[in-house]
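Given next are the chains, with one letter for each unit.
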Amino acid sequence: MTDSPSPIDPQLLEILRCPVAVHYKDRGDDPGRLELVKGCWLVCADSGYKYPIRDGLPVMLIEEGKRWKDVPVDDLPVPPPAAE
């Protein structure tokens, strides 16, 4: 049995940052790092913003991340719904 491929290139995940948290001055040397959650969400621990991955593309719009900020990770829909 093989692992399913990641929906996002690991090298891209390594360089992507939350567009809100990247400006934080009190979160260490590398704020805004993202974690892949549920295979289709990028979650920033620094800001709490959550960005969907739709059709293999991370939607890194601040408005989109803010829309999901107060939704617990366990309650994020899979797959993410279409943009409004």
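Preceding this paragraph is the structure being described.
The rules behind these values
Residues numbered from 1 in each chain as written. Predicted model: local features only at pLDDT ≥ 70, side-chain atom pairs only at ≥ 80, totals over all residues. Heavy atoms only, no water. Helix = DSSP H or I, 4+ residues; strand = E, 2+ residues; numbered from the N terminus. Rg over C-alpha atoms; globule rule 2.2 N^0.38 Å. Buried < 20%, exposed > 50% of the residue type's maximum accessible area, 1.4 Å probe, protein only. Contact = heavy atoms within 4.5 Å. Polar contact = N/O pair within 3.5 Å; in protein donor to acceptor, adjacent residues only side chain to side chain. Core = buried A, V, L, I, M, F, W, Y, C linked by side-chain atoms within 4.5 Å. Pairing = 2+ DSSP bridges.

**Notes on the overall build of the chain**
No. 1: Helices and strands together make up the secondary structure of the chain, namely two helices and four strands.
No. 2: What you see for the chain is a C-alpha radius of gyration of 13 Å, in line with the 12 Å of a compact globule of 84 residues.
No. 3: For the chain, the C-alpha atoms occupy an extent of roughly 40 × 30 × 20 Å along the three principal directions.
No. 4: Looking at the chain as a whole, 36% of its 84 residues are labelled buried.
No. 5: Residue pairs in contact within the chain that sit at least 24 positions apart in sequence constitute 40% of those at least 6 positions apart.

**As for the side chain of E64**
No. 1: Take E64: it is sitting in helix α2 (residues 62–67).
No. 2: What makes E64 buried here is its relative accessible area of 9%.
No. 3: Polar side-chain contacts of E64 include one of 3.2 Å to the side chain of W68.

**With respect to the nonpolar core**
No. 1: In terms of nonpolar packing, the biggest core is built from twelve residues, these being I8, L13, L16, C18, V20, A21, L34, L42, C44, Y49, Y51 and I53.
No. 2: Elements supplying a minimum of two residues to this core: β2 (41–44) and β3 (50–54).
No. 3: What L34 contacts, discounting residues up to four positions off in sequence, is L13, L16, R17, C18, L42, V43, C44, Y51 and M60.
No. 4: Counting residues in each nonpolar core, the second largest holds six residues, with V37, W41, V43 and L76 among its members.

**Points about the sheet that holds strand β1 (residues 34–37)**
No. 1: Pairing in this open sheet of four strands is antiparallel, and the strands run β1-β2-β3-β4 from one edge to the other. The open sheet is flanked by β1 and β4 (57–58), the only strands paired with a single partner.

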